[in-house]
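# Report on the structure
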Amino acid sequence: MRIGELSRLTGASRRILRYYEEQGLIVPDRGANGYREYDDRYVDRVNQIRGLLDAGLPTRIIKQILPCLDKPRSIHFPDATPEMLALLAAERDRLTERIDVLVRNRDAMSEYLSEVEQRRAPAPGSSEPAAGRLRG
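Residues numbered from 1 in each chain as written. Predicted model: local features only at pLDDT ≥ 70, side-chain atom pairs only at ≥ 80, totals over all residues. Heavy atoms only, no water.

## Focus on the overall build of the protein chain
Along its length, the protein chain carries five helices and two strands. Listed N to C, the secondary structure of the protein chain is α-α-β-β-α-α-α in terms of helices and strands. Counting over 136 residues, the protein chain shows a buried share of 23%. Sequence-distant contacts, at least 24 apart, represent 44% of the contacts inside the protein chain between residues at least 6 apart. Split by element, the accessible area of the protein chain, about 10,000 Å² in all, is 52% carbon and sulfur. (Helix = DSSP H or I, 4+ residues; strand = E, 2+ residues; numbered from the N terminus. Buried < 20%, exposed > 50% of the residue type's maximum accessible area, 1.4 Å probe, protein only. Contact = heavy atoms within 4.5 Å. Areas by Shrake-Rupley, 256 points an atom, 1.4 Å probe, with all protein chains shown as cover.)

The structure is reproduced here in structure tokens:
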């Protein structure tokens, strides 16, 4: 597929896709005409990159961990320094904390929506919403 199709499927602009290429996050093939050609796996890859960027990871770290996200995978990091590993562990812990907050927020929203829907549901045999009736 060409860059426009990848942009459409992922919601990432062509400019962003070119930036990902400059950063070494994606490496498209080139056709005989010089156009970028992406295979279907790049849809997932771009979505992974966007998710990691949204989580606050910089592209230099994303580039390091992208090989870990492929399956089947062969993980080999000859340049993984203790500092890099500590940074990745800290980022992982930060993501875990953020996930916990997001889960709590999602659960609170679900509880709120459930309560509102329950109060708005009409009583059996009544056309009036439950919120409009007096409780007693």
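## Focus on helix α1 (residues 3-10)
Structurally, the α-helix is built with 3.6 residues per turn, so residues lying three or four positions apart point the same way. Restricting attention to buried positions, one finds in α1 the residues Ile 3, Leu 6, Ser 7 and Thr 10. Angular distribution of buried residues about the axis of α1 spans 100°; they occupy a single face of the element. Turning to α1, the residues buried within the fold contact α2 (14-22), β2 (36-37) and α3 (41-54). Phi turns positive, to about 80°, at Gly 11, one or two residues after α1. (Arc of directions from axis to C-beta.)

## Some details on the packing of aromatic side chains
All told, the structure shown has two aromatic pairs when counted by the stated rule. Each ring, one from Tyr 19 and one from Tyr 20, has its centre 6.4 Å from the other, and the planes form 55°; the classification is tilted. Between Tyr 38 and Tyr 42 the ring centres are 5.6 Å apart and the planes differ by 85°, which places this aromatic pair in the edge-to-face class. Assigned by exposure class, Tyr 38 and Tyr 42 land together as buried. Seen from the ring of Tyr 42, Arg 41 lies directly overhead, with NZ or CZ sitting 4.6 Å from the centre. (Phe/Tyr/Trp six-rings, centres within 6.5 Å; stacked < 30°, edge-to-face > 60°. Lys NZ or Arg CZ within 6 Å of the ring centre and 35° of its normal.)

## Comments concerning the pattern of salt bridges
Under the counting rule described, the total for this entry stands at eight salt bridges. In this structure, the salt-bridge partner of Asp 107 is Arg 106, at a minimum N-O distance of 2.9 Å. By relative accessible area, Arg 106 is classed as partly exposed at 48%. Glu 115 is paired through a salt bridge with Arg 119; the nearest N and O atoms lie 2.8 Å apart. Of this pair, Glu 115 and Arg 119 both sit in helix α5 (residues 82-120), four residues apart, which is roughly one turn of the helix. (Salt bridge = Lys/Arg side-chain N within 4 Å of Asp/Glu carboxyl O.)

## Description of the packing of α1 against α2
Where α1 contacts α2, the axes come no closer than 9 Å and their chain directions differ by 105°. Relative to α2, the element α1 is oriented roughly perpendicular. Of the residues in α2, those touching α1 at Ile 3, Gly 4, Leu 6 and Ser 7 are Arg 14, Leu 17 and Arg 18. Looking at side-chain class alone, the contact of α1 with α2 contains three nonpolar, two polar and two charged residues. (Axes fitted to C-alpha atoms, helices over the stretch in contact; angles between N-to-C directions. Parallel < 35°, antiparallel > 145°, perpendicular 65-115°, else oblique. Nonpolar A, V, L, I, M, F, W, Y, C, P; charged D, E, K, R; others polar.)

Read these as geometric descriptors, not functional statements.
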